[in-house]
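Residue-level structural notes
Each chain, letter by letter, is given below.
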Amino acid sequence: MYKALYRKYRPMTFDDVVSQPHITTTLRNQLINGKTAHAYLFTGSRGTGKTTCARILAKALTCLHPVDGNPCLECEICRDADDNALADIIEIDAASNNGGDDVRDLRDGAVYTAERCRYKVYIIDEVHMLSKEAFNALLKIMEEPPPHVKFILATTEIHKVLPTILSRCQRYDFRRILPSDITERLMYVAEKENIKLDRDAAELIAKTADGGMRDALSLLDQCIAFSEDVTLDIVSGAAGIAGREPVFEILEAVADNDAANAVAVIDKLYNMSKDMQKLCDELIAQFRNVMLAK
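These lines cover the structure that appears in this document, whether it is placed above or below.

How each quantity is defined
Every chain is numbered independently, its residues counted from 1 as its sequence is written. Totals for whole chains, interfaces and linings use every residue, but because this is a predicted model, local features are given only for residues with pLDDT of at least 70 and side-chain atom pairs only at 80 or more, for both listing and counting. Excluded from the side-chain calculation are hydrogens and water; included are all heavy atoms of the structure. When a carboxyl oxygen of Asp or Glu lies within 4 Å of a side-chain nitrogen of Lys or Arg, that pair is called a salt bridge. Helix numbering and strand numbering both begin at the N terminus, where a helix is a DSSP run of H or I of at least 4 residues and a strand a DSSP run of E of at least 2. Buried residues are those whose accessible area, probed at 1.4 Å on protein chains only, stays under 20% of the maximum for their type, while exposed residues exceed 50% and partly exposed ones sit between those limits. When the sulfur atoms of two cysteines come within 2.5 Å, that pair is taken as a disulfide. Each helix should span, by expectation, one fewer than its residue count multiplied by 1.5 Å. Whether two residues touch is decided by their heavy atoms; if any such pair falls within 4.5 Å, the residues are in contact. Think of a patch as exposed residues, more than 30% relative accessible area, with no salt bridge, where like charges cluster within 9 Å and nonpolar side chains (Val, Leu, Ile, Met, Phe, Trp, Tyr) cluster within 5 Å. In these tables, accessible area is a Shrake-Rupley quantity obtained with a 1.4 Å probe, and a residue counts as shielded only by the protein chains included in the view. Charge counting follows a simple rule: Lys and Arg are positive, Asp and Glu are negative, and His as well as the terminal groups are ignored. The location of each charge is read from NZ of Lys, CZ of Arg, CG of Asp or CD of Glu. Whether two strands pair comes down to DSSP finding at least two bridges between them. We call a crossover right-handed when, viewed with the strands running away from us, the connection from the first strand over the helix to the second turns clockwise.

Let us now look at the pattern of salt bridges. In this structure the tally under the stated criterion is 12 salt bridges. Between Arg116 and Asp80 there is a salt bridge, with its nearest N and O atoms 2.8 Å apart. Taken together, the residues span a long stretch of sequence, with Arg116 in the loop between helix H5 (100-110) and strand S3 (120-125) and Asp80 in helix H4 (residues 76-82) at a distance of 36 residues. Given the relative accessible area of 38%, Arg116 is considered partly exposed. For the salt bridge of Asp173 with Arg171, the shortest nitrogen-to-oxygen distance reads 3.0 Å. A relative accessible area of 39% places Asp173 in the partly exposed class.

Shown next as structure tokens:
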């Protein structure tokens, strides 16, 4: 069965995580020194590695033979964790399990020791979507957690998380991934998949992804479905991007006060099913470039 690229090339150790050394180095040092916290909060925009790092941290905490703060990936615990068959790592999607009863069930289960591992690790994704009642129930167990329990919370909307929860977690802010790092990762994936990917096409994907590795790999997947020779034109078509020439035509029309020509170019792009929101983003970016040049 075909597996999407963002799943197939999901990092398995902290060393594989891209553009987040301020986080991965700290977590590895904590694991090496045996000074891990009882609760972590990972925040940042989508596709920056929050859930990935949560899973790596959970595996490293439960691994039988960790290597320099990384999970070994070879022991039975690591293998079962990768197959989602390890009962001591519990992943909860707060978007669909956001009621007070759901968190009370978590709290009731947390009092029991882990079945096979040193710790029982709860990963709560999109934690900001918990109801107020659920937050209060979670706060109760996080105030005085059992020594065998670890919490890893992840969110894209940190402002919606209660301050009382924030104060009980070690907070880690995930940065948007640099376009250059995304480009190199895309070239690496293309080489592994025996796909011809032009570097300028990879750079356009990286720019379009807006700092999210998952978005970049998903767009590459879409381009590969069209052709195994991924060029700039294929990426532009798949992403709904107008491209450089139409943007310059619109800018020249604006500079010449030629509204008719500007509208004609926009109408042509609209009929080609280009994304109008992305066209606005492209125009804003180009106006910014002009401003900086001046």
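Okay, back to it.
Turning our attention to the state of the cysteines. Tallied over the full model, the rule gives zero disulfides. Here Cys78 stays unpaired: no disulfide links it, and the sulfur of Cys63, its closest cysteine neighbor, is 3.6 Å away.

Within an α-helix, residues lying three or four positions from one another point in the same direction, as the helix has 3.6 residues per turn. Between its first and last C-alpha, helix H3 (residues 50-62) extends 19 Å over 13 residues, near the 18 Å set by a 1.5 Å rise per residue. For H3, a buried count of 12 out of 13 residues is recorded, marking the element as mostly surrounded by other parts of the structure. Within H3, burial applies to Lys50, Thr51, Thr52, Cys53, Ala54, Ile56, Leu57, Ala58, Lys59, Ala60, Leu61 and Thr62. Buried residues along H3 sit against helix H2 (21-33), strand S1 (39-43), H4, strand S2 (89-93), S3 and strand S4 (149-155).

All right, on to a negative patch on the surface then. Residues Glu245, Glu249, Glu252, Asp256 and Asp258 make up a contiguous surface patch of negative charge. Structurally, Glu249 is set in helix H12 (residues 244-255).

Summarising burial for S4: seven of the seven residues are buried, a large majority. Going residue by residue along S4, you find Val149, Phe151, Leu153 and Thr155 tucked away on one face and Lys150, Ile152 and Ala154 tucked away on the opposite face as well. Relative to S4, S1 runs parallel, the two being bridged by five bridges. Following the sheet pairing, Ala39 is matched in S4 by Phe151. Bridge analysis of S3 against S4 gives five bridges, and the strand direction is parallel. Within S4, the position partnered with Ile124 by the bridge is Leu153. Crossover S3 to S4 through helix H6 (residues 132-143) is right-handed.

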